[in-house]
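# Chain and residue survey
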Amino acid sequence: MTMKSIIYLFLLTSLICSCGQRAEVDFIKGSRFYKDYDIFKRTGINEIDSAELEVPFIQEYSRTDSVITLRVYDSYLDAFETVEIPAIDGIELREEYNYNDAPDWIYGTISNGKVIRYGYYADPYSQELTKRKEIFLYDIIPDQIQIITEDTIKTVLYQSYLEDKYGIDCNDHGDWSKMKDRVILPFKAAVNVNWGFRVLKDNVHIEVITDSADYYNRTIYVSDSYGSKDKEKFGSTYHRLSRDAYFRPFKKYRDYLNPTKGM
């Protein structure tokens, strides 16, 4: 085989492989492809021709009056993460996860430049709750509330907050007629989410996001009342609990901005 034939065969093989990989992408009519995506503005950044796809990229798969569906390809052309975001502020989205030891139902929205998530152990809208002989308070109030910007994640441990602030026993239970007035629906909790360690104390974790060239770091700070000598201390009111690095395939989009991501 001549060198020219070898080169031709190599190019043909590469073309076939490339087409095979691109075929994994669902080119639904009306979808658009971007190098990045601004969740808060609901707009793609640096649009790509569908014939020139190379990971990483984000596909705006569909857009309705209420929901925008994204497919995030950060590593492979044959694998993606589906992300739904509200088309306008205030639309509530819901996702079920069925975790063993974490909120099973996630409600998310975007409001005033923030992603807000509520995590529940049971769906607070479920009609099945009315049929239970016993309903526990921890099933019908949020376990966690998260308020997220581009560079911070504030997690309020809401059930612990109620126990500490008001002495409420989240193990309290009863039939529906007794418990129905205690349901706290998504985005209705009576807690000032702007509060920090001074008021919420141990009931809040604050993650600060910082960038490097290819990674971003998520550093969790907690109230200093934890008092562990194994944790690095930062001042008199809080200290660092942990610091983790995450690969940064996009400059603007990050997976924690997904409104219904699990907690």
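Structure's up top.
Definitions and limits used
Residues numbered from 1 in each chain as written. Predicted model: local features only at pLDDT ≥ 70, side-chain atom pairs only at ≥ 80, totals over all residues. Heavy atoms only, no water. Salt bridge = Lys/Arg side-chain N within 4 Å of Asp/Glu carboxyl O. Helix = DSSP H or I, 4+ residues; strand = E, 2+ residues; numbered from the N terminus. Core = buried A, V, L, I, M, F, W, Y, C linked by side-chain atoms within 4.5 Å. Buried < 20%, exposed > 50% of the residue type's maximum accessible area, 1.4 Å probe, protein only. Contact = heavy atoms within 4.5 Å. Arc of directions from axis to C-beta. Pairing = 2+ DSSP bridges.

## Some thoughts on the pattern of salt bridges
Throughout the structure, instances matching the rule amount to 13 salt bridges. Ionic pairing is found between R42 and D89, a salt bridge with its closest N-O pair at 2.9 Å. Of this pair, R42 sits in the loop between strand 1 (32-38) and strand 2 (43-48) while D89 is found in the loop between strand 5 (81-86) and strand 6 (93-96), placing the two residues 47 residues apart along the sequence. Three or more residues are tied together by salt bridges with common partners; here these are D211, R248 and R254.

## Considerations on the nonpolar core
Counting 28 residues, the largest nonpolar core has Y118, I140, I141, I145, Y158, A189 and V191 as its most contacted members. Those elements that place two or more of their residues in this core are strand 7 (105-111), strand 8 (114-120), helix 2 (137-140), strand 10 (144-148), helix 3 (158-166), helix 5 (197-200) and strand 13 (204-211). In contact with I145, other than residues within four places in its own chain, are R117, Y118, K154, T155, V156, Y158, A189 and V191. Counting 21 residues, the second largest nonpolar core, distinct from the first, contains I58, L70, I110 and I209.

## Section: helix 3
For helix 3, the set of buried residues is Y158, Q159, Y161 and L162. All buried residues of helix 3 fall inside an arc of 155° around its axis, so they share one side. In the core, the buried residues of helix 3 are packed alongside helix 2, strand 10, strand 11 (152-156) and helix 5. Where helix 3 terminates, the next one or two residues include G167, which has phi positive at roughly 70°.

## A few points about the environment of G113
Mapped onto the secondary structure, G113 falls in the loop between strand 7 and strand 8. Assessed through its relative accessible area of 40%, G113 is described here as partly exposed. Along the sequence, G113 and F40 sit 73 residues apart, while their C-alpha atoms lie 6.0 Å from each other. If we ignore the near neighbours within four places in the chain, the residues touching G113 are F40, I148 and T149.

## Brief notes about the side chain of T69
The residue T69 is located in strand 4 (residues 67-73) in this model. Residue T69 is classed as buried on the basis of its relative accessible area of 12%. If we skip the residues at most four places from it in the chain, T69 touches Q59, E60, Y61, S62, T82, V83 and E84.

## Observations regarding the pairing of strand 3 (residues 57-63)
Within strand 3, 5 of the 7 residues are buried, leaving the element largely enclosed by the surrounding structure. As defined by bridge partners, strand 1 adjoins strand 3 across 3 bridges and the pair is classed as antiparallel. Counterpart to R32 in the pairing with strand 3 is E60. Relative to strand 4, strand 3 runs antiparallel, the two being bridged by 6 bridges. When the sheet's bridge partners are listed, F57 is paired in strand 4 with Y73. The hairpin turn running from strand 3 into strand 4, its antiparallel successor, is 3 residues long.

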